[in-house]
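# Coordinate inspection notes
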Amino acid sequence: MQPRFRISGKGFKRSSWGLLALGAGLIAMLWINLLGTYRDIEAKTVRDLETHLANLSEALQLQTDSVLRGVDSVAIRLRREFQTRERQQFESDSQGFINNAMAGFAIQAVIVDRQGMLAWSSEAANFPMDLNDRDYFKAHASTPETDTLFIGKPILNRINQRWIIPLSRPLPDFRSGSPHPGFDGVVMISLDPRHFAHLLERVDLGPRGVIAIVSADDGSYLVRSSQEQQWLGQRVQADSPFLAPGAADRGLFRQRDAREGVERLYAYQRLPGYGITLLAGLDIGAALAPIHHRARTSYALALVVSMTIALLILYLSQLLRRHGETEAELEAEHRILRDAERIGQVGSWHWDLDRNRLTGSEQLHRLFCFEESWGLIPAESFQERIHPEDRERVRDTLKEARQHGTPLRNLEYRIVCPDGSTRTVLACGEPLETAQGRQMIGTLLDITALRASQKQLLQAQIVFDNAQEAVLVSDPEGTILAVNPAFERITGYTSQEAVGQATKLLASGRHGPAFYQEMWERLLQDDHWEGEIWNRRKDGGLYVEWLAIRAVRDPSGKIQQYVAVFSDITDRKRREEAVWHQAYHDALTGLPNRSLFQDRLEHAISTAQRDNSRLGLLFIDLDRFKEINDSLGHAAGDELLKQVGERLRACVRASDTVARLAGDEFMVLVEGIADPAPLARLAEKILEQLAQPFQLDGRLESISASIGVACYPDDGQDARQLSAAADQAMYAAKHRGRNTYLLSRDCHPGEAAASGV
């Protein structure tokens, strides 16, 4: 039958090209859509992060501005009272006023006269001190007509040797009667940078996020939330946009920190009139890592889909369906990502004190587990969410804040969600006077993870204190920082005796410098060392321990501490040595047995081969042993064997080996000989010693021995051949009448055969 339809070659080719073009178009559409989707997701994520940082920087600006205004008011009052009151009255009142007004903020307040000499200090250190080289003194002395608050760079206080941030105002000189008073000195209040750092650290921007206060003119760090002491006085990177001339008072920028190797998204906010800038930055790489991971997964999937389309174009409908499924998965992941972006953010709130109306951000509603995403929070709903044990305390604190307009400082309480879960939050707020009345704005920070971490630290301390193994922590120089009770039990040193001492306190003296050098080289190379080591207790007793040491490095790779964990294995080693001795030694004589002797013989042959030297074997068999053993009993026979072993040991060098093989057979291994002559002399010596009477059960008994002597390499090239040669020579000696020795080279085959060998 002829086919109804027939496609020509050109038509088939055109159809193939059409399908290929369709496939190419679908592949292009797939990749364009995929790339565009992830580009939009990443852009939206960055926008959300920018909004969050901008809001956070504004909140931090309000908080910082409030602190600086309070310090400025204290400085103004302090200089007024200094100039208007009697010195004695001023000194008696000022200390209490400063402590009440600046509790937790200020370290010290000082007044410097016009010559730069210390005139008064709140720390009662009013000894002569020249402070005219300080920046704050120079700044006011050079512009006496300007009465503004000056914020200086961090300096080391000469009185109490602590880092401070100086805030100062000039002392005007009204004695001239001029409407423009002159310069009469400076009043300076030093703030503790750690206070600011602790406030900044409450804001969670991730493990590599940073919040800082920097000088607006050169970018010097005044306060930094992470590693504050390390960064004091350091400068931000010179290419930071907010340092550029004409830069806006607030803005956003991305920058890679060359010192830390982290790219961050920053929001900055200048504080007008103070000459400082607030910085809030988070690790943009960590924030976008989930998106990039999903993108790589989706790109791999799209590549597989594209290859499938190119190879299996006939299954176009199936590929389109898979493409639709991929789009649905991407949209689902997009929704999950939007939810994940909000995790860990700080909720913000606004409280109308006069109307008692509280509104919160989306994140705050999420923290309180409200169904609404944002807006007004009813008082009843707010109270219901607070943990019953914290409810009364929170209500009293908020009541006090509303009645008197006092700031909320670190109000910590727990929230109970409808599902029963509990989270711990920290609220801070600042009052504001506006045209609409009294207001308060603030933040709510989820510190559940922080409290959990503190609990874990406590648990770790419990484990440290109750561990059966001894634990020792030292600094990089080997000074002991901490020990646990197991350390005290094993070493005999108390914690008070050990802390502050060098780790060589425990050195036993049994290890040479090479041992410790190798140990430290391996520790520095691998950050870990483990092995057996001998140490000394407080009472002088030695013990062997199994020691594991690990180096602890900081993020920069510098070693901060060493942690050593060890246990006393002295008893175990003794048991192991006893088992080993029983396995490789004769229980009656204490001499090496056949297994140990065979091992030493093979090792001696390897050494002789390497050094091109000789060694010898003496195979000793006692004559008349069976007669004595049968007539006097096994106890007398055992005693005879022990005395024979002692006499054989007395005949040889310490480097030679005497072994009991079985029954009344003994073997002597002699190493490092030049020729067989010493073996013959040793055999004669042994025969002479064994010929002496033995004291057995109150009687004197005499025996003799037959000895076969073999020499390596003359009589055998390996342990088996050498032992066989000595054995044959021994039987040949017995055949010649006993109580004699015979060298293997002097042994005739017929003698061995006659002896049954």
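In this text, all values refer to a predicted model and were calculated from it rather than measured experimentally.

### Digging into helix H17 (residues 625-632)
- By the burial criterion, the buried members of H17 are Phe625, Ile628 and Asn629. Along the axis of H17, the buried residues cluster in a sector spanning 100 degrees; they form a single face. Pointing more than 90 degrees away from the buried face of H17 are the exposed residues Lys626, Asp630 and Ser631.
- In the core, the buried residues of H17 are packed alongside strand E23 (614-623), helix H18 (634-651), strand E26 (694-696) and strand E27 (699-701).
- Where H17 terminates, the next one or two residues include Gly633, which has phi positive at roughly 105 degrees.

### Description of the pattern of salt bridges
- Enumeration according to the criterion identifies 38 salt bridges in this entry.
- The closest approach of N and O atoms between Asp48 and Lys44, which form a salt bridge, is 2.9 Å. Taken as a pair, Asp48 and Lys44 lie in helix H1 (residues 9-84) at a separation of four residues, close to a single helical turn.
- When the shortest N-O distance is used, the salt bridge between Arg537 and Asp568 registers 2.4 Å. Here Asp568 lies in strand E22 (residues 559-568) and Arg537 lies in the loop between strand E20 (528-536) and strand E21 (542-553), a separation of 31 residues in the sequence.

### Describing the sheet that holds strand E15 (residues 408-416)
- Within the open sheet, the six strands sit side by side as E14-E13-E12-E17-E16-E15. Their pairing is antiparallel. Edge positions in the open sheet fall to strand E14 (375-377) and E15, since each of these has one partner strand only. Averaged over all pairs of adjacent strands, the angle between strand axes in this sheet comes to 30 degrees, irrespective of strand direction.
- Bridge count for strand E13 (residues 357-360) against E14 is three bridges, and the pairing is antiparallel. Paired with Gly360 across the two strands is Gly375, which belongs to E14.

### Quick look at the environment of Gly285
- By the element assignment, Gly285 lies in helix H6 (residues 284-311).
- Looking at Gly285, the relative accessible area reads 39%, which means it is partly exposed.
- Along the primary structure Gly285 and Glu263 are separated by 22 residues, whereas in three dimensions their C-alpha atoms are 6.7 Å apart.

### Here we look at the state of the cysteines
- Counted by the stated rule, this structure contains one disulfide.
- Put simply, Cys369 and Cys417 are joined by a disulfide, and their sulfur atoms are 1.9 Å apart. Measuring handedness by torsion sign, the sulfur bridge of Cys369 and Cys417 sits at about 50 degrees and is right-handed. Pair noted here: Cys369 is in the loop between helix H8 (362-367) and E14 and Cys417 is in the loop between E15 and strand E16 (422-434), with a separation of 48 residues, a long-range link.

### Remarks on the pairing of strand E19 (residues 480-483)
- Across three bridges, the pairing between strand E18 (residues 470-474) and E19 is antiparallel. Residue pairing for E19: Val473 is matched across the bridge by Ala482.
- Turn length for the E18-E19 hairpin, with the two strands adjacent in sequence and antiparallel, is five residues, and the turn residue Gly478 shows positive phi of about 90 degrees.

Cut-offs used in this document
- Residues numbered from 1 in each chain as written.
- Predicted model: local features only at pLDDT ≥ 70, side-chain atom pairs only at ≥ 80, totals over all residues.
- Heavy atoms only, no water.
- Buried < 20%, exposed > 50% of the residue type's maximum accessible area, 1.4 Å probe, protein only.
- Helix = DSSP H or I, 4+ residues; strand = E, 2+ residues; numbered from the N terminus.
- Arc of directions from axis to C-beta.
- Contact = heavy atoms within 4.5 Å.
- Salt bridge = Lys/Arg side-chain N within 4 Å of Asp/Glu carboxyl O.
- Pairing = 2+ DSSP bridges.
- Axes fitted to C-alpha atoms, helices over the stretch in contact; angles between N-to-C directions.
- Disulfide = S-S within 2.5 Å.

So far we have only geometry, and geometry alone does not tell us how the molecule works.
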